[in-house]
Amino acid sequence: QVQLVESGGGPVQAGGSLRLSCAASGRTISSYGMGWFRQAPGKEREFVAGISGIGYMTLYADAVKGRFTISRDNTENTGFLQMNSLKPEDTAVYYCAATRAIARLAYRPEQSYSYWGQGTQVTVSS
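Here's a quick rundown of the structure.

Description of the pairing of strand E1 (residues 3-7)
Side chains Leu-4 and Glu-6 project from E1 onto a buried face, and the interleaved Gln-3, Val-5 and Ser-7 project onto a face without burial. In terms of strand pairing, E1 meets strand E3 (residues 18-25) through five bridges, oriented antiparallel. In the sheet register, Val-5 faces E3, and the bridge partner there is Ala-23.

What to know about the sheet that holds strand E8 (residues 78-83)
Spatially, four strands are ordered E1-E3-E8-E7 in an open sheet, and the strand pairing comes out antiparallel. The strands lining the two open edges of the sheet, one partner per strand, are E1 and strand E7 (68-73). The sheet shows a mean angle of 15 degrees between the axes of neighbouring strands, direction not considered.

Some points on the state of the cysteines
Per the counting criterion, the structure on display carries one disulfide. The side chain of Cys-22 participates in a disulfide bridge whose partner is Cys-96; the two sulfur atoms lie 2.0 Å from each other. Negative torsions about the S-S bond denote left-handed disulfides, and the value of about 60 degrees found for Cys-22 with Cys-96 makes this one right-handed. In this pair, Cys-22 is assigned in strand E3 and Cys-96 in strand E9 (residues 92-99), connecting sequence segments 74 residues apart. With respect to class, Cys-22 is no different from Cys-96; both count as buried.

Quick look at unusual backbone geometry
Phi at Asn-77 is positive, roughly 55 degrees, even though this residue is not glycine. Here Asn-77 lies in the loop between E7 and E8. Positive phi, close to 50 degrees, is recorded for Ser-85, a residue that is not glycine. Summarising the element assignment, Ser-85 is placed in the loop between E8 and E9.

Looking at the pairing of strand E11 (residues 120-125)
The two faces of E11 differ: Thr-120, Val-122 and Val-124 on one face are buried, but Gln-121, Thr-123 and Ser-125 on the other face are not. In this structure, strand E2 (residues 10-13) lies alongside E11, joined through four bridges in parallel fashion. Residue pairing across strands places Gly-10 opposite Val-122, the latter belonging to E11. As paired elements, E9 and E11 share three bridges and run antiparallel to each other. Looking at E11, one finds that Ala-92 is bridged to Val-122.

Parameters at a glance
- Residues numbered from 1 in each chain as written.
- Predicted model: local features only at pLDDT ≥ 70, side-chain atom pairs only at ≥ 80, totals over all residues.
- Heavy atoms only, no water.
- Buried < 20%, exposed > 50% of the residue type's maximum accessible area, 1.4 Å probe, protein only.
- Helix = DSSP H or I, 4+ residues; strand = E, 2+ residues; numbered from the N terminus.
- Pairing = 2+ DSSP bridges.
- Axes fitted to C-alpha atoms, helices over the stretch in contact; angles between N-to-C directions.
- Disulfide = S-S within 2.5 Å.

Right, here's the structure in full:
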């Protein structure tokens, strides 16, 4: 079992930055790829970014490419999502998730992930 807890969300103005954290416990997280997803009100949950177990491989949704950076610190069992140049359309609940998948493209679909956090709210005002 892997437990995931997100933090770092909150209100921010457009153009600002936030750094989300995902603290993992239960198992050594370096064995798992990590992903970030988000769900805006009235919309389906969507993929944001994914990173391989030791961090050498990343994947981003087109909507956040160049603005968001996914990273991880396996010594701290923590994943991160650095969000810059935030836009109102980035407003959502952000979830981190863990997967045993290895292939880079497998990080995109929700079905690849076995463990999920409860989410953290990000609200971007214009």
